[in-house]
Amino acid sequence: MGSDVWVGPWRPHRPRGPIAALYGGPGPKYKLPTNTGYFLHDPSRPRAPAFTFGVRLSTPQTSCGPGPSHLVPARMTVRGPNGTPAYSIYGRPRHAAPCLTPGPGRYFPERAENATYPSAPRHTIASRNWGIHTEHQTPGPGTYTVPSLLGPRVIGKVSAPTYSIGGRSAVGSFIEDLSKTPGPSAYHVVNPGIYKSRAPQFTMLARTSLPQDNTLNPGPAAYNVDQHRKPRGWSFGTRHSDYLARIVTDVDD
């Protein structure tokens, strides 16, 4: 019977355009602002005051008043020291410099008539000063130096290239000895007496001084050249034995 129920002309089919039912919503992604706390509170709800526990402040090292070791003098009161005035003897100060202000006698009012009252012009005959040779500070022709026309630094002229002969550098040049090979002057001349028959060598000694003492030394005439000294000779002696008796030739009576 259920299969024969008429449900109308609608049948499941593919929609002609996009509809909202084909897309999924974000769900519970959007939440209401919180009603607790201080930050991000719901502005439509009343917010109670919030209090926090602060950190403990460090104890100050400086004290507010003196301790028991502070001794107040006995003459000191709340209005200052109490007692008779005390005086001390100081050194005498130096005399101040005299005042250089001019007095009334320094002024001459009678000389101020030309500046105070109108007077006629007065002329005087002064000495001629055009013949006085004064020292002129204007530089002469020899003060200016004309630039040279030689060299590469000519002003307003085209200069030819200049070359200079520099010193020879031992680094990077063709004479640089990279292998550090010793040259001919590094070897010393060998004495020929080392590898050849050495010739006799003589030296000149200093002249000996004559004896200054008075000893009787034999001279050349004290020696006899013709007298020959017999050389020392050796002879064979007799054999001696401890067991042989001594020969007695004379018998004592």
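These numbers come from a predicted model, not from an experiment.

Here's the deal with the overall build of the protein
A count of helices and strands for the protein gives two helices and two strands. Ordered by position from the N terminus, the helices and strands of the protein form the series β-β-α-α. Residues counted as buried form 2% of the 253 residues belonging to the protein. Here the protein has roughly 29500 Å² of accessible surface; of this, 59% comes from carbon and sulfur atoms.

What to know about the packing of aromatic side chains
Per the counting criterion, the structure on display carries one aromatic pair. Between Tyr38 and Phe39 the ring centres are 5.5 Å apart and the planes differ by 85 degrees, which places this aromatic pair in the edge-to-face class. Relative accessible area serves as the criterion here: at 44%, Tyr38 is assigned to the partly exposed category. Of the residues examined, Phe39 reaches a relative accessible area of 70% and is grouped as exposed. It is Arg47 that lies over the ring of Tyr38; its NZ or CZ is 4.2 Å from the centre. A cation over an aromatic ring shows up here: Arg111 above the ring of Phe108, its NZ or CZ 4.3 Å from the ring centre.

Some words on the side chain of Asp42
Within the element layout of this structure, Asp42 appears in the segment before strand S1 (76-77). When sequence neighbours within four positions are dropped, the list of residues in contact with Asp42 reads Pro33, Thr34 and Asn35.

Examining a nonpolar patch on the surface
There is a patch of nonpolar side chains on the surface, built from Ile19, Leu22 and Tyr23 and spanning about 350 Å² of accessible area. Tracing the backbone through its elements, the reader meets Ile19 in the segment before S1.

Focus: unusual backbone geometry
One non-glycine residue, Leu40, lies in the positive phi region at around 55 degrees. Take Leu40: it is sitting in the segment before S1. Here Leu40 falls in the exposed class, since its relative accessible area comes to 76%.

Notes on the confidence of the model for the protein
Mean pLDDT over the protein: 76, with 81% of residues reaching 70 or higher. Least confident of the elements in the protein is helix H1 (residues 113-116), whose mean pLDDT is 78; most confident is helix H2 (residues 192-195), at 87.

Digging into the side chain of His41
With respect to the helices and strands, the residue His41 is situated in the segment before S1. The class of His41 is buried, set by a relative accessible area of 12%. One polar contact links the side chain of His41 to the main-chain carbonyl oxygen of Asn35, over a distance of 2.8 Å. Those residues in contact with His41, other than ones at most four positions away along the chain, are Thr34, Asn35, Thr36, Pro46 and Arg47.

Some points on the environment of Phe51
Mapping Phe51 onto the fold places it in the segment before S1. The spatial distance from the C-alpha of Phe51 to the C-alpha of Tyr38 is 9.6 Å, given a sequence separation of 13 residues.

What counts and how
- Residues numbered from 1 in each chain as written.
- Predicted model: local features only at pLDDT ≥ 70, side-chain atom pairs only at ≥ 80, totals over all residues.
- Heavy atoms only, no water.
- Helix = DSSP H or I, 4+ residues; strand = E, 2+ residues; numbered from the N terminus.
- Buried < 20%, exposed > 50% of the residue type's maximum accessible area, 1.4 Å probe, protein only.
- Areas by Shrake-Rupley, 256 points an atom, 1.4 Å probe, with all protein chains shown as cover.
- Phe/Tyr/Trp six-rings, centres within 6.5 Å; stacked < 30°, edge-to-face > 60°.
- Lys NZ or Arg CZ within 6 Å of the ring centre and 35° of its normal.
- Contact = heavy atoms within 4.5 Å.
- Patch = residues over 30% accessible without salt bridge, like charges linked within 9 Å, V, L, I, M, F, W, Y side chains within 5 Å.
- Salt bridge = Lys/Arg side-chain N within 4 Å of Asp/Glu carboxyl O.
- pLDDT = per-residue confidence, 0-100.
- Polar contact = N/O pair within 3.5 Å; in protein donor to acceptor, adjacent residues only side chain to side chain.

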